[in-house]
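The chain contents come next:
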Amino acid sequence: RLLLSQLFQPLNLQASGEALWEGRAGEPGCRSHRLMVQGGLIHPASPGCYHLLPPAVRAMEKLVRLMDGAMRALGGQKLDAPSLSSAELWRASGRWEQMGPELFRLSDRHGKHYCLGPTHEEAVTELVATHGSLSYKQLPLRLYQVTRKFRDEPKPRFGLLRSREFYMKDMYTFDACEEAARQTYELVCAAYRSLFQRLGLRCVQVRAATGTVGGTASHEFQLPADIGEDRLVLCPAGHFAANVEMLDGEQTLCPTCGEKLAQSRGIEVGHTFYLGTKYSSVHNAVFYTPENKLQLAEMGCYGLGVTRILAASIEVLSTEDSIRWPSLIAPYQACFIPPKKGSKEEEGAMLLERAYDDVAAALPRLAGDMVLDDRTQMTIGKRLKDANKLGYPYVVIAGKRVCEDPPVFEVWDQGCGEVMYLTKEGVIELLSKAPVP
């Protein structure tokens, strides 16, 4: 059994934001940041850098499994590029100078210059170009990774929403012609929309500037939120959505239907770019056509902020003092709360533990996804309050009716805010619906 007392999840659920941050690096600037520190999900290491504690890693691994499935369904092949990237690659594309102080730059003992990769267009394009025998039969080629990225943010804030070190899923695609590359672009955008839908997050795809990545078309995937750093304009009928940086002047009406555009703020959680031959021409990423002639590959690149999605989902779904997860990526699906030691229901502790074991046996996929809150020196009410704050989708309690025959458990379904009274068989049936990616 997973016992809460043995998990490395330092809880500060009663601490205020100010007390929590006294003498530590950074400031809790938003709800998700505060809740993630109080709930023992992250711990500040230095400005913009965080320890991801075991529950946060569990949530991230679930999210990555969902992304892996979505990318494999598109024919994606997973790789892992080095974090250290040669300055020569970045100078060739012009981005060594263009990126300015955002790049973490360093030199080795031989005086060679490198950066810690904030993104990997140069590295992956050069990798493909190095293997010069690519044939049109191998296209489309869709390579992706999930890895740490680094960005020297001038003012890191909002916890994992704007940090210096973060996890990203980035995909680089190579196609034989513009038409095929545009089809790839639409496929990946549709996969992103579907992923956010599965997570139960309202995500808006908006037109965006190409920035330092470049290319001729770009979209951001934004979660509308008051603390979002991007300003968006949205057509109420869904015909038009853009980051305001894309607009000429003050555009107030939808160009399609003439409706007044609504303004919103958003947290960017994904970004897609149609690159054309911007990088393939620099690094000579070519393939052999059916006529055996060499031709430049048409490229796209696609990013999802893994750690940012974790924080953004908590930001938009949670209350001020209680975490709410997309159920698919909750670190644990269920928390079991036995009676307080010395209470008249204490004999129910064994019945609850037996129910825990029976659920694990009946539903093996949930065996590692349940926690037993063994802090029996505390009242059930206090532990239920903590469980509510930590956002377990289901809480199973051995309350007053546990001594009935058969025993009846009090079950809280956080998703619909419902309380049920169920036998062990009822608990197993309910938890069989719990999603585990």
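- For the chain, an unreviewed UniProt entry supplies the name Probable proline--tRNA ligase, mitochondrial and the organism Penelope pileata.
- Checking UniProt for the chain, the heading Subcellular location (unreviewed entry) contains the comment "Mitochondrion matrix".
- If you open the UniProt record of the chain and go to Function (unreviewed entry), you find "Mitochondrial aminoacyl-tRNA synthetase that catalyzes the specific attachment of the proline amino acid (aa) to the homologous transfer RNA (tRNA), further participating in protein synthesis. The reaction occurs in a two steps: proline is first activated by ATP to form Pro-AMP and then transferred to the acceptor end of tRNA(Pro)."

### What to know about the sheet that holds strand β6 (residues 113-116)
So, step 1. Strand order in the open sheet formed by 3 strands is β4-β6-β5, with antiparallel pairing between adjacent strands. In this open sheet, the two edge strands, each paired with only one partner strand, are β4 (84-86) and β5 (104-107). Within this sheet the neighbouring strands show an average axis-to-axis angle of 40°, counted without direction.
So, step 2. The pairing of β4 with β6 spans 3 bridges and is classified as antiparallel. Opposite Leu84, over in β6, you have Leu116 as the bridge partner.

### What about the pairing of β6?
So, step 1. Examined bridge by bridge, β5 and β6 share 4 bridges and lie antiparallel to one another. Across the sheet, the residue bridging to Phe104 is Leu116, located in β6.
So, step 2. Counted along the chain from β5 to the antiparallel partner β6, the turn is 5 residues long, and its residue Gly111 has a positive phi close to 85°.

### Here we look at the sheet that holds strand β18 (residues 370-372)
So, step 1. In space, the 5 strands of this open sheet follow the order β18-β17-β19-β20-β21, with mixed pairing throughout. The sheet is open, and its two edges are formed by β18 and β21 (418-422), each paired on a single side. Across the sheet, the mean angle separating the axes of adjacent strands is 20° when strand polarity is ignored.
So, step 2. Two elements, strand β20 (residues 409-413) and β21, share 5 bridges in a ladder whose sense is antiparallel. Its bridge partner being in β21, Glu410 is matched across the sheet by Tyr421.

### Side note on the nonpolar core
So, step 1. Membership of the largest hydrophobic core comes to 53 residues, with the highest contact counts inside it found for Leu199 and Trp325.
So, step 2. Those residues in contact with Leu199 that sit more than four places away from it in its chain are Leu63, Leu66, Ile309, Pro326, Leu328 and Ile329.

### A look at the UniProt feature "domain: Aminoacyl-transfer RNA synthetases class-II family profile" (unreviewed entry) in the chain
So, step 1. According to UniProt, the positions carrying the feature "domain: Aminoacyl-transfer RNA synthetases class-II family profile" (unreviewed entry) are residues 61-326.
So, step 2. What you have in residues 61-326 is 27% helix and 31% strand, and the ends, taken at the C-alpha atoms, are 14 Å apart.

### Observations concerning the layout of surface pockets
So, step 1. The volume enclosed by the largest pocket comes to roughly 970 Å³.
So, step 2. In terms of lining, the largest pocket is formed by 44 residues, of which the most central are Arg151, Arg162, Glu268, His271 and Arg308.
So, step 3. Of all the secondary-structure elements, those providing two or more residues to the lining of the largest pocket are β8 (165-175), β13 (262-276), β16 (298-305) and α9 (306-317).
So, step 4. Quantified by volume, the second largest pocket comes out at close to 200 Å³.
So, step 5. Arg202, Val204, Gln205, Arg207, His219, Leu234, Cys235, Pro236, Gly238, His239, Phe240 and Ala241 are the residues that line the second largest pocket.
So, step 6. In terms of residue count, strand β9 (residues 204-207) provides more of the lining of the second largest pocket than any other element does, 3 residues in total.
So, step 7. Its residues assigned to classes, the lining of the second largest pocket comprises 6 nonpolar, 4 polar and 2 charged.

Analysis parameters
One numbering rule holds for all chains: residues counted from 1, following each sequence as written. Totals for whole chains, interfaces and linings use all residues, but because this is a predicted model, local features are given only for residues with pLDDT of at least 70 and pairs of side-chain atoms are given and counted only at 80 or more. In computing side-chain properties, one takes all heavy atoms of the structure into account and sets aside hydrogens as well as water. UniProt positions are given in the numbering used here, feature names are shortened, and annotations may be inferred rather than shown by experiment. Two strands form a pair only when DSSP identifies at least two bridges running between them. The helix and strand labels rest on DSSP assignments: H or I over at least four residues marks a helix, E over at least two residues marks a strand, and numbering proceeds from the N terminus. Axis angles are defined between N-to-C directions and span 0 to 180 degrees, where every axis is a line fitted to C-alpha atoms and, for a helix, only to the segment in contact. The nonpolar core is taken to be a set of buried Ala, Val, Leu, Ile, Met, Phe, Trp, Tyr and Cys residues, with the residues joined through side-chain atoms within 4.5 Å. Only protein chains enter the area calculation, which uses a 1.4 Å probe; residues under 20% of their type maximum are buried, those over 50% are exposed, and those in between are partly exposed. The contact criterion used is simple: two residues touch if any of their non-hydrogen atoms lie within 4.5 Å. Residues are said to line a cavity or pocket when one of their atoms sits within 4 Å of a point; the points come from a 1 Å grid over protein atoms alone, cavities being sets where a 1.4 Å probe fits but cannot get out and pockets being open sets with protein on both sides within 12 Å along at least five of seven lines. Grid points are joined across faces, edges and corners, and a volume is the space filled by probe spheres set on the points. Three classes are used, and their members are as follows: Ala, Val, Leu, Ile, Met, Phe, Trp, Tyr, Cys and Pro are nonpolar, Asp, Glu, Lys and Arg are charged, and the others, Gly among them, are polar.

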